[in-house]
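Here's the letter readout for the chains.
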Amino acid sequence: MKNNLILGVAIVSMLFSCTTDDTADIIINDNSDNSVTNNVNPGGGTPTGQTIYLAGSYDSDLTLDPINTYILNGSLIMLDGTTLTIPAGMTIKASASGASVYIAISQGAKIIANGTPNEPIVLTSNATNPAAGDWGGLILLGKAPINSVVAGATSTSEIASLPYGGTNPADNSGTIQYLRVEYSGGAADGQSENNGLSFYGVGNGTTVQYVESFEGKDDGFEFFGGTVEVSFLYSVNNQDDSIDWTEGFSGKITNAYVKHGADHDKGIEADGYNSDYGNNASPKFWANPTLTNITIIGNGSTTGGEAIRLRVGTKASLNNIYIQGFAKGTEVSGDAGDNPTGAWVLDGSLHYTNVTFDDVITKVQNATPETWGEAELITGDGNATMTDFATWGAGWSRVE
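Everything numeric here is computed off the predicted structure, so don't read it as measured data.

Draft legend 1. Focus on the overall build of the protein chain. Across its full length, the protein chain carries three helices and 27 strands. Every one of the 400 residues in the protein chain was classed for burial, and the buried ones make up 57%. In the protein chain, the proportion of contacts linking residues at least 24 apart, taken out of those at least 6 apart, comes to 69%. Carbon and sulfur atoms make up 46% of the accessible area of the protein chain, which amounts to about 14,700 Å² in all.

Have a look at this one:
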């Protein structure tokens, strides 16, 4: 299919193709309405733009026009070699149809979404009364390493069954700055759910900074392998984990502010690999990201909750971590076999440098077979300070 731009308006028909490997595919039927509604001055004056319904698989670039109104009413998939450009200040509203409505940037494609502090880009629900799970979310798929498959092979994404993974840690999926994703997380089934932003094998040539995931049904930000380095993340009121990583993620997260609502799971849930598929890299490697300046705010220690769960053999360097208002600050779980999380504490591969537990009943729980205590996991207990969200989150974020 060839998508032509006519007078700056992209009119698409739906073409959806899934790529398969050993991961079970999820087939989503498209019922989108690709139509255009003219919005003109009732008095016959200067046209004020059109309402464009977006869906389909694009094999040429798509640049959105600020004069138009765009409604996402199906899966919008940018194919290899294409670029989706979204101008600053634009709001794209998604039909409240759950998992079948999302934006996916395939391997080899790029997104250029450069908002500003005063003109952020907003991806939100078109519902009159929006709610978590109204639509899917934003999916990026790259060619950076993952550990669920052998080197050079690809896996397929939970939603859309698109390929991801590879051997290029510097892969570039584009630029995202000053972006809000709201009311996402629509579920295809009990096991496959969208997140606010999903990073599948995304490389560190990609720029991601000043991004918010608001009121999502599943995770705020999830990293499936890859090396992407993200900064200034705001995850608020997401109902599953605010930040989640697996499949050998080895990038960086710098300056993140997590705030829990009434419905939530963990601030961070971290797996060294995806236990559904195994650690199939050769040689094996585990997730090993670097986190710096992370603040996680719960609802108070008496309400329960767990701020961080480190499991399935993940490694990590966690620096300046501030945790407030949880019954449990950190749990480390693993075994003596393929999930050696406790062994990584002992050899320093999993370590906190400067952490503050504020209104936390149990700071650390060791759920591994190895014997170690807080002193082996943490250096600088009580020395962390909050990330300065009041400054870097000002203007563009939706503060609740």
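Picking up after the structure, the text goes on.
Draft legend 2. Region of interest: the pattern of salt bridges. By the definition in use, this model includes 11 salt bridges. The salt bridge involving R311 is made with E269; its shortest N-O contact spans 3.2 Å. Taken together, the residues R311 in strand β24 (residues 306-311) and E269 in strand β22 (residues 266-271) connect sequence positions 42 residues apart. We classify E269 as buried; its relative accessible area is 10%.

Draft legend 3. Spotlight on unusual backbone geometry. Cis geometry marks the peptide bond from S282 to P283, where omega comes out at 0 degrees. Along the polypeptide, P283 turns up in the loop between β22 and β23 (290-297). You will see that F232, though not glycine, has its phi angle at about 60 degrees, which is positive. Locating F232 in the fold gives a position in strand β19 (residues 229-236). One non-glycine residue, N237, lies in positive phi territory at about 60 degrees. For N237, a relative accessible area of 16% corresponds to the buried category.

Draft legend 4. Here's a closer look at the packing of aromatic side chains. On inspection of all chains with the given rule, the structure shows 16 aromatic pairs. Both rings, one in Y257 and one in F389, keep their centres 4.6 Å apart while their planes meet at 10 degrees; by these two values the pair is stacked. In this pair, Y257 sits in strand β21 (residues 252-259) while F389 sits in helix α3 (residues 389-392), placing the two residues 132 residues apart along the sequence. Neither residue differs from the other here; Y257 and F389 are each classed as buried. Taken together, the ring pairs in this structure connect Y178, Y210, F232, Y234, Y257, F389, W392 and W396 into an aromatic cluster. When the ring centre of W344 is taken as origin, the NZ or CZ atom of K315, which lies over that ring, is 4.2 Å away.

Draft legend 5. Main features of the nonpolar core. The biggest cluster of nonpolar side chains holds 73 residues, and the ones touching the most others in it are F199, F223, W245 and I253. Those residues within four positions of I253 in sequence are excluded, and the remaining contacts are F223, V230, L233, I243, T290, L291, T292 and I294. Residues I77, I146, V149 and I159 belong to the second largest nonpolar core, which totals 13 residues.

Draft legend 6. Layout of the pairing of strand β6 (residues 69-78). Judged by how many residues are buried, β6 sits mostly within the fold: nine of 10 residues are covered. For strand β4 (residues 50-58) and β6, the ladder comprises seven bridges, and the chain directions are parallel. Following the sheet pairing, L54 is matched in β6 by L72. The pairing of β6 with strand β8 (residues 91-94) spans three bridges and is parallel. Counted as the bridge partner of Y70 is I92 from β8.

Draft legend 7. Local environment of the side chain of D271. Mapped onto the elements of the fold, D271 is located in strand β22. Apart from the residues within four sequence positions on either side, D271 is in contact with W245, T246, E247, A287, R311, V312 and T314.

Draft legend 8. Structural detail: the pairing of strand β9 (residues 102-105). What you see with β9 is no split at all: Y102 and A104 on one side and I103 and I105 on the other are buried throughout. In terms of strand pairing, β6 meets β9 through four bridges, oriented parallel. Counterpart to M78 in the pairing with β9 is I105. Relative to strand β12 (residues 138-141), β9 runs parallel, the two sharing three bridges. Looking at β12, one finds that I105 is bridged to L140.

Draft legend 9. Examining the confidence of the model for the protein chain more closely. Of all residues in the protein chain, 87% attain a pLDDT of 70 or more, and the chain-wide mean is 89. For residues 1-35, every residue scores under 50 in pLDDT, and the model assigns this stretch 88 contacts once sequence neighbours within four places are set aside. A low-confidence stretch, residues 37-45 stays under pLDDT 50, and its non-local contacts, those more than four residues away or across chains, total 13 contacts.

Draft legend 10. Structural context of the side chain of S95. Note that S95 resides in the loop between β8 and β9. Residues in contact with S95, not counting those within four places in the same chain, are I71, L72, N73, V101, N126, D134 and W135.

Draft legend 11. Local environment of the environment of E229. Position of E229 among the secondary structure elements: in strand β19. Placed 22 residues apart in sequence, E229 and G251 show a C-alpha to C-alpha distance of 5.1 Å. Apart from residues no more than four positions distant in its own chain, E229 is found in contact with N204, T206, V208 and K252.

Draft legend 12. Structural context of the environment of I323. With respect to the helices, strands and loops of the structure, I323 is situated in strand β25 (residues 316-333). The sequence separation of I323 and V360 amounts to 37 residues, and the corresponding C-alpha distance is 7.7 Å. Here I323 is in contact with I296, A307, I308, G329, T330, T356, F357, D358 and V360, once residues within four sequence places are set aside.

Analysis parameters
Residues numbered from 1 in each chain as written. Predicted model: local features only at pLDDT ≥ 70, side-chain atom pairs only at ≥ 80, totals over all residues. Heavy atoms only, no water. Helix = DSSP H or I, 4+ residues; strand = E, 2+ residues; numbered from the N terminus. Buried < 20%, exposed > 50% of the residue type's maximum accessible area, 1.4 Å probe, protein only. Contact = heavy atoms within 4.5 Å. Areas by Shrake-Rupley, 256 points an atom, 1.4 Å probe, with all protein chains shown as cover. Salt bridge = Lys/Arg side-chain N within 4 Å of Asp/Glu carboxyl O. Phe/Tyr/Trp six-rings, centres within 6.5 Å; stacked < 30°, edge-to-face > 60°. Lys NZ or Arg CZ within 6 Å of the ring centre and 35° of its normal. Core = buried A, V, L, I, M, F, W, Y, C linked by side-chain atoms within 4.5 Å. Pairing = 2+ DSSP bridges. pLDDT = per-residue confidence, 0-100.

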